[in-house]
Structure formats: C-alpha cells, structure tokens
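# Results of the structural survey
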There are 2 protein chains.
Amino acid sequence: MTTAKRDTYTPETLLSVAVQVFNERGYDGTSMEHLSRAAGISKSSIYHHVSGKEELLRRAVSRALDGLFGILDEEHARAGRAADRLEHVVRRMVEVLIAELPYVTLLLRVRGNTETERWALERRRDFDHRVAELLKAAAADGDIRGDVEVRLATRLVFGMINSVVEWYRPDTRGASGREVADAVVRLVFSGLRQD
Amino acid sequence: MTTAKRDTYTPETLLSVAVQVFNERGYDGTSMEHLSRAAGISKSSIYHHVSGKEELLRRAVSRALDGLFGILDEEHARAGRAADRLEHVVRRMVEVLIAELPYVTLLLRVRGNTETERWALERRRDFDHRVAELLKAAAADGDIRGDVEVRLATRLVFGMINSVVEWYRPDTRGASGREVADAVVRLVFSGLRQD
C-alpha cells in the first residue's frame, strides 16, 4: 500500500513559501519548479491553488500594499494636525513593515518586468505620494522645516524606513519592533542632536 | 587591407563598463561574454587587462571603499568634537556616494558568494563600525541623544544615506549632490520638526 502524501497547503501557507523563495532567488529567477521543490508538492498541486507564479506575486504584494494603505485609513492618520498625522503614519509604516516583513521586502524589490510588477510599482508611487502630501501639509502649517524640499525629504525618510527590511530579523536579540518604530520616529522628527 | 580595430581600453574605462554591467545584471548574473559584448572587445582582450571578472569586482569595490575610508582621514573627521566629526563624515559620505555612484551602488549590493565579496563585506562592516564609534563618542559627550541605541541609530542613519543610490541620477533636474548632502545632514541631525 502506498501512502499518498496529502496536500495540506492552503493558499495562505503556499503564499508564505512562495514569498520566501521569491526573496531568496528574486522573482525573475524563480521558476514553478523552484516553488514546487520548496513547497514539497507537485507543480500540478500548485496549479490547483493558483494560476501561476504571477498570481502568487500579486497576492504577496497586495498583502504588503493593503497593510500600508490601511494605515492611511486609521483615525490618527485622518484627523488632527498634518505633522501629528505624519508621525502616526511613519510609526505605523515601521510596524507594518516588521509585521509583514517578507511581504514588504518583496514589494520593495519589485522591478517592472510584468504587468503585476508594474501595477505594484504604481501602487507604491501612489502611497509615497500620499505621504509626501502629508509632509507638504505639515510644512504649510509651519510644523515641518521648510529648508528641505518635500520630495527630497520624503525620499530620505522612506529610505530610512525601508532600510529596516535589510537588517531587521524577528529572531535577533536586538531591538523589538516597538523599539525600532520609536527610534525611527525620534530620528525622523527630532534628529540625532541632543536639544 | 583589413583594418584591425585597435583596443583603446584602459583598465579604467574597462572598469567603468564592467561596473555598469554588474549593476544591471547583478555580479552573479554577469559572464565574461556579457562583459565582452558590453565593451565591444573580445574576451581575450579583456584578459589582456585583467585576470577575470572577480578582479574587476575587486577594483570596483576598492574604488568605493577607498573613497569612503578616505573620509575618515580628512582633518575634520579627525579633530574636534565627536558630533562635529560625525556631521562631517555624514556629509562627505553622501558626497562620495554621489561622486562614485556606480561603484558605491555595486558595493552596497555585494552578497558574499566569492572571496572578494566576503572581503568587501568585511571592509564595509569595518567602516560602519568606525562611524558607530564616532556616534558613541558623541553620545558620551552628551551631544547626541541617548534614547536611541547606538547600533540602531547607526543602521538607520546608514539606511537613509545609502538609499540615495536607489534614486539619485546625475542627469535629473532635481537636487544637486550638494543639496542632497545638505538635506541628509539636516534630517539626520535636526530631524523634520520645525524648532
């Protein structure tokens, strides 16, 4: 009697394996064969769940984008002074980035070779634009310094926040997600210099 | 009579072509064939100049590393209060990064699959460590805030600085290298908030 290995994958767990492989090999460098080997199930079992690797990419980056756009709908992102809303958004971006680390990592590495990748880049630009608008509003209120151009400041602030995916690992003994979020908020708003 | 195309490459110009190809394809994804096609000369002509692609990588990342380590030998990096020395180093890092953009971009993307890559990673860690020491000294002087752990602050500051390679292009109408360096120094030391 042969024991048939039961396919216990759900779309959710398959997605988690796929994102790990995409992040290791790069999306372009990943084949269905790689996914099948990493998941330990046949290619046809994968096709039972999804239409192909591009659907897995779309689901993965959607999860990251939904997390980020969700921030903009939170109460503290919608009401109050622009500078306070911006501070809330910056803190929550770090928290979402750490909570959804592999998904946001993948989103930040997307190039633009397929329709899904171009769509993801477009959505990222939309998000960046929304945050830049908040920064501009805070500058107009006089709460944010006026001697750094808004687009440049947005790019640098995003640079600091996004760099977290390069080194943050949930199992390190180092800083917790909360500490990283606190540190980013402090540095972005008040800088290094002791008052 | 056939006209033999004369090999007008110098080690310097060949390096510049190689770095461009490495940045586009990734070092691992680049073959001598790719380099030969991009340079428009035969593989044997390339071997006339260098022993192989790893030597080109070593020369390229050495150029970036020499630029960065050179900063630490500058007078303003060696004398004065630690916080002022740190400010000088941060400003000059942005300037070197922009002056040597393709070389620093390559350095920041190095993985660790070959001996040269591991050596480059080691040298990068040395440099990061030297800057972290400066930050620690400035905190001990009471000039830098004490509520963000030094290693975390170093990583976030490097994150902001290094992110410049992702979007800065010398031909953009946007900010000049000087403006970017000014903006980074302002944000790193004083933050976004209007005093």
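Looking at an unreviewed UniProt entry, chain A carries the name TetR family transcriptional regulator, with the source organism given as Streptomyces collinus.

## Things to note about the domain arrangement of chain A
Residue and element names in this part refer to chain A. Each assigned domain of chain A is listed here: domain 1 (11–53) and domain 2 (61–190). Computed from C-alpha coordinates alone, the two centres of domain 1 and domain 2 are separated by 28 Å. Between domain 1 and domain 2, the contact holds eight residues from the first and nine residues from the second. Of the roughly 700 Å² buried at the junction of domain 1 and domain 2 (both faces included), carbon and sulfur atoms supply 53%.

## Quick notes on the side chain of Ser-163 of chain B
Here Ser-163 of chain B is to be found in the loop between helix 9 (150–162) and helix 10 (164–167). When its relative accessible area of 10% is taken as the criterion, Ser-163 of chain B is described as buried. Residues within four places of Ser-163 of chain B in sequence aside, it is in contact with Arg-155 and Gly-159 of chain A.

## Points about the UniProt feature "domain: HTH tetR-type" (unreviewed entry) in chain A
Mapped onto the present numbering, the UniProt feature "domain: HTH tetR-type" (unreviewed entry) falls at residues 8–68 of chain A. The distance from the first to the last C-alpha atom of residues 8–68 of chain A is 30 Å, and the span holds 75% helix and 0% strand.

## Comments concerning the UniProt feature "DNA-binding region" (unreviewed entry) in chain A
Under the present numbering, the feature "DNA-binding region" (unreviewed entry) in UniProt falls on residues 31–50 of chain A. The span residues 31–50 of chain A is 75% helical and 0% strand by assignment, and the distance between its end C-alpha atoms comes to 14 Å.

## Some details on the relation of the copies chain B and chain A
The relation between the two copies of this chain is a rotation about an axis and a shift parallel to it. Once turned by 180 degrees and shifted 0.0 Å along the axis, chain B lies on chain A with an RMSD of 0.0 Å. Here the symmetry operator amounts to a two-fold rotation axis.

## Overview of the nonpolar core
Judged by nonpolar contacts, the single largest core of 146 residues is most densely connected at Val-180 and Leu-192 of chain A together with Val-180 and Leu-192 of chain B. If we ignore the near neighbours within four places in the chain, the residues touching Leu-192 of chain B are Leu-86, Leu-135, Asp-143, Ile-144, Arg-145, Ala-153, Val-157, Val-188 and Phe-189 of chain A together with Leu-187 of chain B.

## A closer look at the confidence of the model for chain A
Confidence along chain A averages 92 in pLDDT terms, with 95% of residues attaining 70 or more. Ranking the elements of chain A by mean pLDDT puts helix 3 (residues 43–49) of chain A last, at 91, and helix 5 (residues 75–78) of chain A first, at 98.

## Considering the packing of aromatic side chains
Taken as a whole and assessed by the stated rule, the structure comprises eight aromatic pairs over all chains. A ring pair is formed by Phe-22 of chain A and Tyr-27 of chain A, whose centres lie 5.0 Å apart and whose planes are at 75 degrees; its orientation type is edge-to-face. Assessed through its relative accessible area of 9%, Tyr-27 of chain A is described here as buried. For the ring pair Phe-127 of chain A and Phe-158 of chain A, a centre distance of 6.3 Å and an interplane angle of 85 degrees mean the geometry is edge-to-face. Of this pair, Phe-127 of chain A sits in helix 8 (residues 115–140) while Phe-158 of chain A sits in helix 9 (residues 150–162), and the two are 31 residues apart along the sequence. Residue classification places Phe-158 of chain A among the buried residues on the basis of a relative accessible area of 7%. Ring pairs connect the aromatic residues Phe-69, Phe-127 and Phe-158 of chain A, which therefore count as one cluster. It is Arg-123 of chain B that lies over the ring of Phe-69 of chain B; its NZ or CZ is 4.2 Å from the centre.

How each quantity is defined
- Residues numbered from 1 in each chain as written.
- Chains lettered and ligands numbered in written order.
- Predicted model: local features only at pLDDT ≥ 70, side-chain atom pairs only at ≥ 80, totals over all residues.
- Heavy atoms only, no water.
- Domains from an automatic or database assignment.
- Contact = heavy atoms within 4.5 Å.
- Buried area = accessible area lost by both parts, 1.4 Å probe.
- Helix = DSSP H or I, 4+ residues; strand = E, 2+ residues; numbered from the N terminus.
- Buried < 20%, exposed > 50% of the residue type's maximum accessible area, 1.4 Å probe, protein only.
- UniProt positions renumbered as here; feature names shortened; annotations may be inferred.
- Least-squares fit on C-alpha atoms with pLDDT ≥ 70 in both.
- Core = buried A, V, L, I, M, F, W, Y, C linked by side-chain atoms within 4.5 Å.
- pLDDT = per-residue confidence, 0-100.
- Phe/Tyr/Trp six-rings, centres within 6.5 Å; stacked < 30°, edge-to-face > 60°.
- Lys NZ or Arg CZ within 6 Å of the ring centre and 35° of its normal.

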